[in-house]
Amino acid sequence: MILTSLKRFWALFYARNLEFVRDRSSLSWNLLFPVLLIVGFAVVFSDDNKTLYKAGLIGANHVELRALKHIDWVTYEDLDEGLLQLKRHQLDLMVDPKQKRYWVNPHSPNSYIMERVLQGTVSSEQWQSWQKSEIDGEPLRYVDWVLPGILGMNMMFSCLFGVGYVIVRYRKNGVLKRLKATPLMAHEFLAAQVLSRLSLTLSVSLLLFIACDLLFDFFMQGSYWLLLFVGLFGAVAMISVGLLMACRTRSEELAGGLLNLISWPMMFLSEVWFSLEGAPQWVHTLSACFPLTHMIQAAREIMINGAGLWDIADHLLVLWAMTLFCLALGAYWFRWDQD
């Protein structure tokens, strides 16, 4: 009985992979699109000369500093988080007005200028009591920061449309109705779809990561195995969302609309292209509802900050909870035909 079930599973798994590989246009787009985006952003943002200074501030009520024009002040509750941004050249200055202390990066020209701006803001008598500290660190390029976002976005589209859209097409064309007449069980069909898309998505993403790493020599502080583990959790979570959207949808047009309704907010609010640092709290709350956000944030913590498993455990737990929730609902509501 188990052997027969495995044979049915393997036949469907193999057929789905073969269908994807034979679609040359889709395969080529999955491989070329992320590379073109990374190359484009690497060229466009290759100039590190910034026209807007960015500084960190402990405490949000220092009106005098916030009144300075052309400076983006970001409030931090955790000093260590701000110092880490300064170390990576993501901030030009870190200030704690209450303690009369500030931190600079000696290898950052913008940090030097911001120190002079701060000195000009404080009176000469008070400046003598201010304490200066230095934080040294390797600069982080924009292409290093954006890589997890672009790869995550590519995985998102592959998982959502590669599963959700395909199942709806199967239902509309009568493929699911014919499969229903076979000994194939619903959970076998869904498991084959999940593992097929998972294997393809991870394989393509791994090839892209290796190719882009050879081309750009990305900044990598953490474990490659842990990064792959995060990709696995994120891909399964987004595949489960795709299954949930397609479990009862009858038309490809509706499926495309639902999948776009999910994917576009994720693309703009999951920090794919830009950080949400300094955005209103409701934006962060909405962003935390998306699996792409947790996958990208966990990947960046591993690559940029060298985070370990315990450091990203909260992201993994959220991804796992989303997966179980969507798979359970998708399996419960799944229908074979359009009736």
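Shown above is the structure to which this text applies.
Presented here is a report on the structure given in the accompanying data block.

Definitions and limits used
- Residues numbered from 1 in each chain as written.
- Predicted model: local features only at pLDDT ≥ 70, side-chain atom pairs only at ≥ 80, totals over all residues.
- Heavy atoms only, no water.
- Salt bridge = Lys/Arg side-chain N within 4 Å of Asp/Glu carboxyl O.
- Buried < 20%, exposed > 50% of the residue type's maximum accessible area, 1.4 Å probe, protein only.
- Helix = DSSP H or I, 4+ residues; strand = E, 2+ residues; numbered from the N terminus.
- Expected span 1.5 Å × (residues − 1).
- Patch = residues over 30% accessible without salt bridge, like charges linked within 9 Å, V, L, I, M, F, W, Y side chains within 5 Å.
- Areas by Shrake-Rupley, 256 points an atom, 1.4 Å probe, with all protein chains shown as cover.
- Lys, Arg positive; Asp, Glu negative; His and termini not counted.
- Charge placed at Lys NZ, Arg CZ, Asp CG, Glu CD.
- Contact = heavy atoms within 4.5 Å.
- Pairing = 2+ DSSP bridges.
- Axes fitted to C-alpha atoms, helices over the stretch in contact; angles between N-to-C directions.
- Parallel < 35°, antiparallel > 145°, perpendicular 65-115°, else oblique.
- Left-handed = near helix turned anticlockwise from the far one by under 90°.
- Phe/Tyr/Trp six-rings, centres within 6.5 Å; stacked < 30°, edge-to-face > 60°.

**Points about the pattern of salt bridges**
Logical step 1: With the rule as written, the count across this model stands at two salt bridges.
Logical step 2: For Glu115, the salt bridge identified is with Arg116, shortest N-O distance 3.8 Å.
Logical step 3: On the basis of relative accessible area, Glu115 is assigned to the buried category, the value being 7%.
Logical step 4: Given the relative accessible area of 40%, Arg116 is considered partly exposed.
Logical step 5: As a salt-bridge pair, Glu115 and Lys132 come within 3.1 Å of each other at their nearest N and O atoms. A residue pair is termed long-range when its members are at least 10 positions apart, and Glu115 in helix α5 (residues 109-121) and Lys132 in strand β5 (residues 131-134) qualify at 17 residues.
Logical step 6: Since its relative accessible area comes to 40%, Lys132 is described here as partly exposed.

**Some thoughts on helix α7 (residues 142-173)**
An α-helical turn contains 3.6 residues, so a residue and the one three or four places further along point in the same direction.
Logical step 1: With 32 residues, α7 ought to run about 46 Å at 1.5 Å a step, and its terminal C-alpha atoms sit 45 Å apart, in line with that.
Logical step 2: By the criterion of burial, α7 is predominantly enclosed, with 25 of the 32 residues buried.
Logical step 3: Phi for Gly174, located one or two positions after α7, is positive at around 85°.

**Let's talk about a negative patch on the surface**
Logical step 1: Taken together, Glu77, Asp78, Asp80 and Glu81 make up a surface patch of like negative charges.
Logical step 2: Turning to its location among the elements, Glu81 is positioned in helix α4 (residues 79-87).

**Structural notes on the environment of Arg8**
Logical step 1: Inspection of the secondary structure puts Arg8 in helix α1 (residues 2-22).
Logical step 2: Separated by 174 residues in sequence, Arg8 and Thr182 place their C-alpha atoms 9.8 Å apart.
Logical step 3: Discounting residues that sit within four places of it in the chain, Arg8 has contacts with Pro183, Leu184 and Glu188.

**Some thoughts on the sheet that holds β5**
Logical step 1: Spatially, the five strands line up as an open sheet ordered β2-β1-β3-β4-β5, and their pairing is mixed. Every interior strand has two partners, whereas the edge strands, β2 (71-76) and β5, have only one. Looking at each pair of strands side by side, their axes are set apart by 25° on average, direction ignored.
Logical step 2: Pairing analysis gives six bridges linking strand β1 (residues 53-58) to β2, with the strands arranged parallel.

**Some details on the environment of Met114**
Logical step 1: Mapped onto the elements, Met114 comes out in helix α5.
Logical step 2: Residue Met114 is classed as buried on the basis of its relative accessible area of 1%.
Logical step 3: Considered as a pair, Met114 and Met94 are 20 residues apart in the sequence and their alpha carbons are 9.5 Å apart.
Logical step 4: If we skip the residues at most four places from it in the chain, Met114 touches Tyr53, Ala55, Ile71, Trp73, Asp92 and Leu93.

**Points about the packing of helix α13 (residues 291-305) against helix α14 (residues 313-333)**
Logical step 1: Across the interface, α13 lies against α14 with an axial gap of 9 Å and an inter-helix angle of 155°. Judged on the interaxial angle alone, α14 and α13 are roughly antiparallel. In the packing of α13 onto α14, the handedness of the crossing is left-handed. On α14, the residues touching Pro291, His294, Met295, Gln297, Ala298 and Glu301 of α13 are His315, Val318, Leu319 and Met322.

**Let's talk about the packing of aromatic side chains**
Logical step 1: Enumeration over the complete set of coordinates arrives at five aromatic pairs.
Logical step 2: A centroid spacing of 6.0 Å and a plane angle of 45° characterise the contact between Phe233 and Trp320, whose relative ring orientation is tilted. Here the residue Phe233 occupies a position in helix α10 (residues 224-246), and Trp320 occupies one in helix α14, the gap between them amounting to 87 residues.
Logical step 3: Taken together, the ring pairs in this structure connect Phe229, Phe233 and Trp320 into an aromatic cluster.

Any link to function would need more than the numbers given here.
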